[in-house]
Each structure stands twice: as C-alpha cells, then as structure tokens.
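Secondary and tertiary structure notes
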Amino acid sequence: MGTGSPRPYTWAKTWARLGHDVTVVSRHWSGNEKNWDDYIQDTSIQTPLEIEKEGFRLISLPFKKYAYPKNGFVRKADALISLSKGTLEREVDTMQYMPFLETLFKKEKFDFFIATNPPWNITRLAYEIHKKFETPFALDYRDYENDVILPLKPKLSNFRKIEFQINKTYMKSWGSYASLIVGASEPINNYVSNMTNVSGIEITNGYDEDIFSNLKDHPPFEKFTISVLGYLYPPQDLTILFNGVNQFIEEIGNPNFHFYFVGVNAIKEVADKIRNNIPSKYITITDRMPQVEALEIGQRSHALFYAGWTNWRGVYSAKIFEYLAMKKNILIAPGDNYSIDDLMKKSNAGIIANTSEEFSKALKSWYRQWEQNGTINYEGNFKIAEKYSRQNQAKILINRIEKIVQLESV
C-alpha cells in the first residue's frame, strides 16, 4: 500500500474515533497492484462498492483506463489538446467520478471535503464539486511532484515545459477556490499556498501508530542487515550507496552482511541498477509486499537506509517517519541539505553520509558493534517520532477544519 492510501485512511479512522461522520470515496483497489501498469488498469468491479470500515464509510468506484493513441506524434498532440482543455493526466482521470459525486452530494449534506493529490486532475474534480454545491474543501498535496509543485525543477523537455505551465495555470485557478491547502511538508505547503493565495498547513505523511503497536516481535536477522523499505527512484543519486557498500565489503573482507531492497522491483530501472552495482550474494530485491510484512523486515534489520533528494526542498515520504517509529539507526545517503537532515538532527536517529567514505565508515562502525554485541546502539529521541504519528497529525488537521466549518456556518 503506497502513501496515497494510508495517509487519508488514517485520517478517516482517527476522525471517526473522534465522533465525526466520515465518508471516503476512492477508486477501487484490489490490493494486488504492484507497479504503474497495475495502477492504471480497469478495475475488476463494474459498480460502486460500499462498506463500513473502522467506523467510517468507504465507497470504492470502478475505474476505466483511457487508451492513448499508439502513434507517438498523435499521442503528444492528443495530450496537448487535452491539457489545453483542462484534462490533466488522462491515464489517471478522476473526472469520470463527477456523475457519482453529483448524485452523492445531492443525496447527502457534507460540511467539508478533502481532495488528496496526486493525481493533479483531482483538483479540478474538487473545484467542480465546490462550484456546484458550494461545499468548502481542502486540497491535500501529500507528496512531491518535481515539475508541478516544487520550484527546484529538473531540466525539462519542451513538451514537459508546456505541460508544466498548463498544469500550473489550471491548478492555480481551481485551487484558489479551496478553503485550505494541506502540504506533506512545509515547502510544498508554502509553494501551493502562495500560488493559490489560500492559507495552508503542514501535515506530514507520518506513520500509523496503530500498525506499530500491533507489530509482533521477531528476532533480528542472523546476518548484519540493512534494509530500505519502499521505492527508490531513477532521479535519486545512488552512487554513494553503491560505492559505499562495495568499499565496506572490500575493507571488511567477505562480511556476514545483507541488504534488503523491499519493493524496489516495482521500478525495474532501479532494480537493474542495484543488481549491476552490488554483488548478488549480498542483496535481496523484492516486489511490493503488504505493509506489515515490509515493516517486519525493517524491524528485524539492524539499520535502515534512506536516499535523500539532494537539494530538493521538503521531499520526505512516510518512509522516514516509519523508520523513526521502528527505533532503528538510519543511514541517510545522500542528505538533502534541508528537511531530512533537519529531522535527523532533531531526532538523533541516524547518520548522514554525503560521500562513499562516510557511508562505508558508518557501516563498519555498526558492523563492529554488531560483531561484538549482536546489536548496535540506538540513541534516537522517540518523542520526536511521536509528534509525527498520523493520528497526531490527523488531530491537528481536524482542529483546523472544524474552525473553517464554524466560520463558514456563521
């Protein structure tokens, strides 16, 4: 399960516990999706499915994939025409849900609703619902999107430059009707809030304390194990990781060591790069797996790895907060000179390695501790982690929403 689901899911169950009547509307997910092609396939259900789940109502809707033209030139022309009309990201089109939502909002009275991005076209869906029913709403930006909402953009093709400007124009227009901007980090929140001229609040992705309180204890791996839980992306700099691991292996000499890359098979380009740069006897690369299984691997590991987004402001996923919740030493390589580095300094939960030498040195230090004691020392401040539980973040958000609803009702 990716961050897109657990973030609003934890909000819903927390708000339901606080006595609110919560309805969640989402496209249907089977739970077996492993990669992007799976995510954009037609759903198995043909009609809406409604269930009660942990105190809130969940409505799952069928999804119909858009078939792009096969010819490359025609495909780009089709995309540009669609963009010019405000139809963004057709492969994950949410506007197909407008008829259902119109019926739902006519039938029931909602005090407030939240649309969580991406996909970016959900901003238009929220705007259309608000325009028709005048229900106040928030736009949540739960993750980064490197050429849409962050000012530090990479080099773009001419097509992507055009797409970026069109996206930004529409997002600014539609987003200005929101009552609140919610950002998963302060820079994201500030950027979108300034763009739309709507007040914002930082609500981090965080971790689900319910899941961690129910995790069973498992013995640590027999080998000294470091793990990364979740995706690594092609733009991320993995050079320090590769060189640092190989330097560590060479200096120790056939160490009793293993590195788990959990879920990384979902991005073949990255998985292949890892296989080509680290000896196979030291690595395991897995497909996506249920969250609890992934966390159990993290729990059994001796340390955890996180690749920062160098010089990108405010890019941290739920992964880093889950790492904090596991009370494990974290090896950051490289640092980001911003949010991740600051979080590590506050929590004292990890080491930032900006060179392969620093990476290898950290691994060697922990490995020697493990050889002597069977474990490694952890000196992190868990009070910092508790602040970032999704339950605590959900309470902060609902307090802000309640104030907005009160003002709207006056």
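Bear in mind that the values here come from a model prediction, so they are computed numbers and not experimental data.

With that out of the way, let us pick up the overall build of the chain. Looking only at helices and strands, one finds 16 helices and 13 strands in the chain. In terms of overall size, the chain behaves like a compact globule, its C-alpha atoms giving a radius of gyration of 22 Å where 410 residues would be expected to give roughly 22 Å. Seen through its principal axes, the chain has C-alpha atoms that stretch 65 × 55 × 40 Å. In the chain, once contacts between residues fewer than 6 apart in sequence are set aside, the share between residues at least 24 apart is 71%. Entry remark: accessible area of the chain is about 19600 Å², with carbon and sulfur atoms responsible for 49%. Side-chain charges of the chain comprise 50 positive and 48 negative groups, with the mean position of each set lying 3 Å from the other.

This part covers the nonpolar core. Of all hydrophobic cores here, the largest spans 65 residues; its most connected members are Leu232, Phe259, Phe261, Ile274, Phe305, Ile320 and Phe359. Ranked by residue count, the leading element in this core is helix H9 (residues 239-252), at seven residues. Look past the residues within four positions of Phe259 in its chain and what remains in contact with it is Ile226, Ser227, Val228, Leu241, Val245, Tyr282, Ile283, Thr284 and Phe305. One finds Phe63, Phe113, Ile129 and Phe164 within the second-largest nonpolar core, a separate group that totals 28 residues.

Here we take up the pairing of strand E5 (residues 137-141). On a regular strand, one side chain projects to one face of the sheet and the next to the other, so that they alternate. Among the five residues of E5, five are classified as buried, and the element is accordingly described as predominantly covered. Residues of E5 alternate between two faces, with Phe137, Leu139 and Tyr141 on one and Ala138 and Asp140 on the opposite face, all of them buried. When strand E4 (residues 113-117) meets E5, the two strands line up parallel, connected through five bridges. Paired with Thr116 across the two strands is Asp140, which belongs to E5. The parallel pair E4 and E5, bridged by helix H5 (residues 122-133), forms a crossover whose chirality is right-handed. Bridge count between E5 and strand E6 (residues 180-183): four bridges; the pairing is parallel. Within E6, the residue paired with Ala138 across the bridge is Leu180.

In the structure shown here, the tally under the stated rule is 26 aromatic pairs. Ring geometry for Trp29 against Tyr39: centres 6.2 Å apart, planes inclined by 85°, an arrangement best described as edge-to-face. Here Trp29, found in the loop between strand E1 (23-27) and helix H2 (36-39), pairs with Tyr39, found in helix H2; they are 10 residues apart in sequence, far enough to count as distant. What makes Tyr39 buried here is its relative accessible area of 17%. Pairwise contacts between aromatic rings join Phe224, Phe248, Phe257, Phe259, Phe261, Tyr282, Phe305, Phe359, Tyr367 and Trp370 into one cluster.

To continue, consider the side chain of Ser356. Within the element layout of this structure, Ser356 appears in helix H14 (residues 356-373). Among the residues examined, Ser356 registers a relative accessible area of 13% and is labelled buried. Residues within four places of Ser356 in sequence aside, it is in contact with Ile240, Asn243, Gly244 and Gln247.

This model, assessed by the stated rule, comprises 16 salt bridges. A salt bridge links Lys13 to Asp208; the nearest nitrogen and oxygen atoms lie 2.9 Å apart. Pair noted here: Lys13 is in helix H1 (residues 6-17) and Asp208 is in the loop between strand E7 (200-202) and helix H8 (209-213), with a separation of 195 residues, a long-range link. For the pair shown, Lys13 and Asp208 are each scored as buried. One salt bridge in this structure joins Lys268 and Asp272, with 2.6 Å as the shortest N-O distance. In this pair, Lys268 and Asp272 both sit in helix H10 (residues 268-277), four residues apart, roughly one turn of the helix.

Okay, the environment of Ser365 next. You can see Ser365 is positioned in helix H14. Residue Ser365 is classed as partly exposed on the basis of its relative accessible area, which comes to 38%. Between the C-alpha atoms of Ser365 and Tyr378, which are 13 residues apart in sequence, the distance is 13 Å.

This brings us to the side chain of Ser227. With respect to the element layout, Ser227 can be found in strand E8 (residues 224-229). Taking the relative accessible area as the measure of exposure, Ser227 reaches 0% and is therefore buried. Beyond its immediate stretch of four places on either side in the chain, Ser227 contacts Phe259, Tyr260, Ile297, Ser301, Ala303, Leu304, Phe305 and Tyr323.

Moving on, we come to the sheet that holds strand E2 (residues 49-53). Overall, mixed pairing links the three strands, which are arranged E1-E3-E2 in an open sheet. Edge positions in the open sheet fall to E1 and E2, since each of these has one partner strand only. Strand-to-strand twist in this sheet, taken as the mean axis angle between neighbours without regard to direction, amounts to 25°. Across five bridges, E1 lies against strand E3 (residues 56-61) in parallel orientation. Considered in E3, the bridge of Ser26 is made with Ser60.

Parameters and conventions
Residues numbered from 1 in each chain as written. Predicted model: local features only at pLDDT ≥ 70, side-chain atom pairs only at ≥ 80, totals over all residues. Heavy atoms only, no water. Helix = DSSP H or I, 4+ residues; strand = E, 2+ residues; numbered from the N terminus. Rg over C-alpha atoms; globule rule 2.2 N^0.38 Å. Contact = heavy atoms within 4.5 Å. Areas by Shrake-Rupley, 256 points an atom, 1.4 Å probe, with all protein chains shown as cover. Lys, Arg positive; Asp, Glu negative; His and termini not counted. Charge placed at Lys NZ, Arg CZ, Asp CG, Glu CD. Core = buried A, V, L, I, M, F, W, Y, C linked by side-chain atoms within 4.5 Å. Buried < 20%, exposed > 50% of the residue type's maximum accessible area, 1.4 Å probe, protein only. Pairing = 2+ DSSP bridges. Right-handed = clockwise from strand over helix to strand, strands pointing away. Phe/Tyr/Trp six-rings, centres within 6.5 Å; stacked < 30°, edge-to-face > 60°. Salt bridge = Lys/Arg side-chain N within 4 Å of Asp/Glu carboxyl O. Axes fitted to C-alpha atoms, helices over the stretch in contact; angles between N-to-C directions.

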